[in-house]
Amino acid sequence: MQKPALVTSLLFVLLVFLSAQALATPVRIQAENSGRWDLKTKIFYVEGDVRVGFDDVEIQGDYLQWDVSTQELYMQGNVVLFQEENEFHGEALTYNVETAKGKFTQVRTELIAEGAQGPIFVFSERLGIDEHLYTVTQATVTTCDINQPHYHIAAREILVYPGERMVIHSVTYYEGRIPIFYWPYLSIPLDDDRGLNFFALPRIGYASEQGYYIKNSYNYYFNRTAFGSIYYDFYSLLGFGYGVRHNYVLPSLGEGNLYGYTIPSTERQRVQWQHRYMTDRINFNTDNAYEQEFVSGMVDEKISTKTSLIVREDSFTFQGRANYADQTRDQPGEEWLLDGNWQQSITDNLRLTAKSSITHRDYGIRRRMVNHLVETSYRISNHTISIALQQQYNPDVMEEDLHLNWSSVNRVPELRWQWRNPNLANWSIPGTLQLGLGRYQEFPSDTLDHRMLMKLDLNNRSWRPTNTTTLTYNGSFTGHLYGQGSAQQIVQTRINYNQRIATPLSFRANYSRRDVWGETPFSFDRQREQNLLTTQLSYNRAPISASLRSGFDYLTELYQNVTGQIRVRQGDWNANVSANYNLNTQTPGNMVGIVSYQPNAATTMKLGTRYKLADKQWDRIDGQLSFDLTDTWAISYNAIYLPQTQRWRQGQVTLTLDLHCRELSIRYDQVRQEVFFQYTLNAFPSLPLRFSSTEGVSLFDLDDIQDILGVEDEMR
């Protein structure tokens, strides 16, 4: 008669502990049907949904034999081995509990790798178990989830370190039954969550300067602290190219990578070192590169380095940068930057700030800008007293072909008092009052004088006389009194008026005025008067939105361009038309039209154009198209065409074939005259081919209407 499952389980657990008291690791055995114990051979025989557990291992199967004297168990029939997050299925398992060694036949498993999208399926005739290492012989690996996978990797041997990595030896890639590629060694991490790509197929293509090429990368992975890629490429016009990128992690010193690549026939080479170190207190980053290329009988060299350091403590913060760049061709020259910023809290109220930067640029004409600031401030309640010494350069010094009224100014020194939300005669002012006295010297005029400052900044205030009207205003007064007797006063006012005329219609007006009286002996603090009004009328009721805006400068008596925009959104369609008109010259400017259609996520059509109304000619045409030709074929096209010069600024057509678990794409770049082929396993996506150019910005990527129209938002 069959015993109840619970009684059977308890009996076998008791027998295990009585017979194996010497074992350091207790073994738990449960069975649903029957079991017997042979006292002479000291072997357990168990049948029916058998479960064995010890340490972090659990084994399930239909039939179990356990030899207590040798500590070896044999499991057969629908065997499943669990360890941590790994699960192995097979037909028969032999395992020694004491030595943690065994073998598994007809094995299949799913491994989860952080860098892969979806599970990795592994099949093998035999699996060897040695404590925390699994050895898979004559195995196949795939990420295709059908019975007859579209592709697979055949391997002579696979070493699986649970939760760490999978090392594959003598790897052959099969497309169906056809062998395509061979690697002597592959290593795929199972615990890396950085999104790195550890499996890459060769890339094949054509480029006008390189000819036909095939680019290969051989990825290796020792552990989370040492991994990388070896590059070996061939170009029909340039020959072979070789390179390596090694990534490292130093537990106490940070992480980084070393990169080197060369094409010997062109003497082209690049060496790069990147490193970063981050803790709660320190953030350090450095990026250093050297490039060399032999072009037209000349050696072109480029050197660059960028290093930054941030140190944070309870009482101080330091930020520093050091950049350097040097090149020998195109525009020969060098530039470098040293920048430091120290902020120290001496007490709760006393603070010290020290800043310094040196910018150097030499491309035929040498320019250098040196800025320094040392300031200490004492704050109590809403009062702050500070004293500062400063050398400040005009940032336009580094630009070419600019006529400057001043190049630098020194504060030697200046004392300031700041009072936030001052209360004068029981009248609270929402703003900031500043008083200051300083000694200034300006170059190249070598003007030296004292300056007394009084400045009052008023915070934004809003007034709503009605539910549909909002008035926002702020302002400031600045007074300068100089040692030689001259004085300058500046009053600035800003008023914003918003009026909702009706539910879909609103009006906005912004008025900005700056009045200046008196004279200043300096150029750096000289202010220009301003008297500008801008207006905008807006309409917004689905599916239509529209706006009309312009402005007037009362000083120059010139109008801003009138800019109009209409947008219509109806279902899957979106149309946008913008145009501008110069009121001063009474000439039309540009008109831009954009139409898009997106019935679903797989289909997008966009057409944009810019037309010069005054010249009556098309300036540019932009187009984007992507849709599915069939269930497996898709096509996309991105282009920018300039009709005036009959030149393509951008043009890329991509044809993509979805092969279930793989993807084949063919791309042609008509500007670069390059054909690019890419075969991708969806589970291990390669980095996408990126095209970026300052001339290749699409109309669809621009948000500001003035940028799209191609005009500046200023008086004409």
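Residues numbered from 1 in each chain as written. Predicted model: local features only at pLDDT ≥ 70, side-chain atom pairs only at ≥ 80, totals over all residues. Heavy atoms only, no water.

**Some remarks on the overall build of the chain**
Filter applied, for reference: Secondary structure counts use DSSP, requiring at least four H or I residues in a row for a helix and at least two E residues in a row for a strand, with both numbered from the N terminus. Buried means the residue's accessible area, taken with a 1.4 Å probe over protein chains only, is under 20% of the maximum for its type, while exposed means over 50%, and partly exposed covers the values in between. A contact between two residues is defined here by any heavy atoms of the two lying within 4.5 Å. Per-residue and other accessible areas were derived by the Shrake-Rupley procedure at a 1.4 Å probe size, with only the shown protein chains allowed to occlude residues.
Of the regular secondary structure elements, the chain holds 2 helices and 45 strands. Per-residue burial over the chain gives 37% buried out of 716 residues. Contacts in the chain between residues at least 24 apart in sequence constitute 36% of all its contacts with a sequence separation of at least 6. Surface exposure of the chain reaches about 40200 Å², of which carbon and sulfur atoms provide 53%.

**Let's talk about the environment of Tyr 393**
Locating Tyr 393 in the fold gives a position in strand 25 (residues 383–393). Taking relative accessible area as the criterion, Tyr 393 reaches 21% and is therefore assigned partly exposed. Through-space distance from the C-alpha of Tyr 393 to that of Ser 408 is 4.1 Å; in sequence the pair is 15 residues apart.

**Some points on the layout of surface pockets**
We apply this condition: In this analysis a 1.4 Å probe is tested at points of a 1 Å grid over the protein atoms alone, and where it fits but cannot get out there is a cavity; an open set with protein on both sides within 12 Å along at least five of seven lines is a pocket; lining residues have an atom within 4 Å of a point. Grid points are joined across faces, edges and corners, and a volume is the space filled by probe spheres set on the points. Ten residue types, Ala, Val, Leu, Ile, Met, Phe, Trp, Tyr, Cys and Pro, are classed as nonpolar, four, Asp, Glu, Lys and Arg, as charged, and the remainder, Gly among them, as polar.
Space inside the second largest pocket adds up to approximately 450 Å³. Secondary structure elements with two or more residues in the lining of the second largest pocket: strand 25, strand 26 (408–420), strand 29 (431–443), strand 30 (447–466), strand 31 (469–482) and strand 32 (487–500). A per-class count over the lining of the second largest pocket returns 6 nonpolar, 8 polar and 7 charged.

**Remarks on the pairing of strand 23 (residues 350–362)**
We apply this condition: Following DSSP output, two strands are said to pair if at least two bridges run between them.
Note that strand 22 (residues 333–345) and strand 23 share 12 bridges and pair antiparallel. Following the sheet pairing, Ser 345 is matched in strand 23 by Arg 351. With antiparallel pairing between neighbouring strands as the criterion, strand 22 and strand 23 make up a hairpin whose turn holds 4 residues. Strand direction decides the pairing type here: strand 23 and strand 24 (residues 366–380), joined by 13 bridges, are antiparallel. Each bridged residue has a counterpart across the sheet, and for Leu 350 the counterpart in strand 24 is Tyr 378. Joining the antiparallel neighbours strand 23 and strand 24 is a turn of 3 residues, in which Gly 364 adopts a positive phi near 95°.

**Remarks on the environment of Asp 515**
Basically, it comes down to this: In the analysis that follows, any N or O atom pair within 3.5 Å is treated as a polar contact, provided that within protein one partner can donate a hydrogen and the other can accept it, and provided that, for residues neighboring in sequence, both atoms belong to side chains.
Within the element layout of this structure, Asp 515 appears in strand 33 (residues 505–518). With relative accessibility at 17%, the residue Asp 515 sits in the buried group. Among the polar contacts listed, one links the side chain of Asp 515 to the side chain of Arg 513, at a separation of 2.8 Å.

**Looking at the pairing of strand 44 (residues 662–669)**
Taken residue by residue, a regular strand's side chains alternate between the two faces of the sheet. Both strand 43 (residues 647–659) and strand 44 contribute to a ladder of 8 bridges, which runs antiparallel. Counterpart to Thr 654 in the pairing with strand 44 is Arg 667. Following strand 43, the chain reverses through 2 residues before pairing antiparallel with strand 44; His 660 in that reversal takes a positive phi of roughly 70°. As paired elements, strand 44 and strand 45 (residues 674–681) share 8 bridges and run antiparallel to each other. Paired with Tyr 668 across the strands is Val 675, a residue of strand 45. Here strand 44 folds back onto strand 45, and the loop between the two strands holds 4 residues, one of which, Gln 673, carries a positive phi near 55°.

**Overview of the side chain of Thr 472**
Inspection of the secondary structure puts Thr 472 in strand 31. Under the relative-accessibility criterion, Thr 472 is labelled buried at 18%. Within the structure, Thr 472 has its side chain in polar contact with the side chain of Ser 462 (distance 3.3 Å). Discounting residues that sit within four places of it in the chain, Thr 472 has contacts with Arg 461, Ser 462, Arg 494, Ile 495 and Asn 496.

**Some words on the nonpolar core**
When a protein is soluble and globular, its nonpolar side chains tend to lie buried together. Which entries qualify depends on this criterion: Grouping buried Ala, Val, Leu, Ile, Met, Phe, Trp, Tyr and Cys residues that are joined through side-chain atoms within 4.5 Å yields what is termed a nonpolar core.
In this structure, Val 52, Phe 54, Ile 59, Leu 73, Ile 158 and Met 166 are the most contacted members of the largest nonpolar core, which totals 55 residues. Sort the elements by how many residues they give to this core and strand 10 (residues 151–161) lands first, with 6 residues. Grouped together as the second largest cluster of nonpolar side chains are 8 residues, Ala 207, Tyr 213, Leu 238 and Tyr 261 included.

**Topic: the pattern of salt bridges**
Close approach of charged atoms lets side chains of opposite charge pair. Put simply, the rule reads: Salt bridges are defined by distance alone: a side-chain nitrogen of Lys or Arg within 4 Å of a carboxyl oxygen of Asp or Glu.
Counted under the stated rule, the structure contains 13 salt bridges. Between Arg 51 and Asp 49 there is a salt bridge, and its shortest N-O distance comes to 3.9 Å. One salt bridge connects Glu 58 with Arg 51, and the closest N-O pair in it is separated by 3.7 Å. The exposure class assigned to Glu 58 is partly exposed, which follows from its relative accessible area of 32%.

**Considerations on the confidence of the model for the chain**
Spelled out, the test is: pLDDT is a residue-level measure of predictor confidence that goes from 0 to 100.
Residues with a pLDDT of 70 or more make up 87% of the chain, whose mean pLDDT is 83. Every residue in residues 1–24 scores below 50 in pLDDT, and together they form 29 contacts with partners more than four places removed in sequence or on other chains. Scored below 50 in pLDDT, residues 686–695 makes 12 contacts in the model with residues more than four places away or belonging to other chains.

**Let's talk about the environment of Thr 466**
Tracing the chain through its elements places Thr 466 in strand 30. You can call Thr 466 partly exposed: its relative accessible area is 38%. A sequence separation of 33 residues divides Thr 466 from Gln 499, and the C-alpha atoms of the two residues are 9.5 Å apart. Within polar-contact distance, the side chain of Thr 466 engages the side chain of Thr 469 at 2.9 Å.

**Side note on unusual backbone geometry**
The residue after Val 412, namely Pro 413, is reached through a cis peptide bond having omega -15°. Note that Pro 413 resides in strand 26. Pro 543 follows Ala 542 through a cis peptide bond whose omega is 10°. Tracing the sequence through the fold places Pro 543 in the loop between strand 34 (530–541) and strand 35 (544–553). One non-glycine residue, Asp 446, adopts positive backbone phi at about 60°. Inspection of the secondary structure assignment puts Asp 446 in the loop between strand 29 and strand 30. A positive phi angle, close to 55°, is found at Gln 586, a residue other than glycine. In this structure, Gln 586 sits in the loop between strand 38 (573–582) and strand 39 (587–600). Its relative accessible area of 60% is what places Gln 586 among the exposed residues.

**Observations concerning the packing of aromatic side chains**
Formally: Classification of ring pairs rests on two measures: the distance between centres of Phe, Tyr or Trp rings, Trp counted by its six-membered ring, which must be within 6.5 Å, and the angle between planes, read as stacked under 30 degrees, edge-to-face over 60 and tilted in between.
Applying the stated criterion across every chain yields a total of 19 aromatic pairs. Consider the rings of Phe 88 and Tyr 134, whose centres lie 4.6 Å apart with planes at 45°: the pair is tilted. Of this pair, Phe 88 sits in strand 6 (residues 86–96) while Tyr 134 sits in strand 9 (residues 133–142), and the two are 46 residues apart along the sequence. Given the relative accessible area of 2%, Phe 88 is considered buried. Classification of Tyr 134 as buried rests on a relative accessible area of 2%.

**As for a nonpolar patch on the surface**
We apply this condition: Patches were defined on residues exceeding 30% relative accessible area and lacking a salt bridge, with like-charge contacts within 9 Å and nonpolar side-chain contacts (Val, Leu, Ile, Met, Phe, Trp, Tyr) within 5 Å.
On the surface, Ile 230, Tyr 232, Phe 234, Phe 240, Tyr 242 and Val 244 cluster together to form a nonpolar patch covering roughly 520 Å² of accessible area. Residue class for Val 244 comes out partly exposed when judged on its relative accessible area of 37%.

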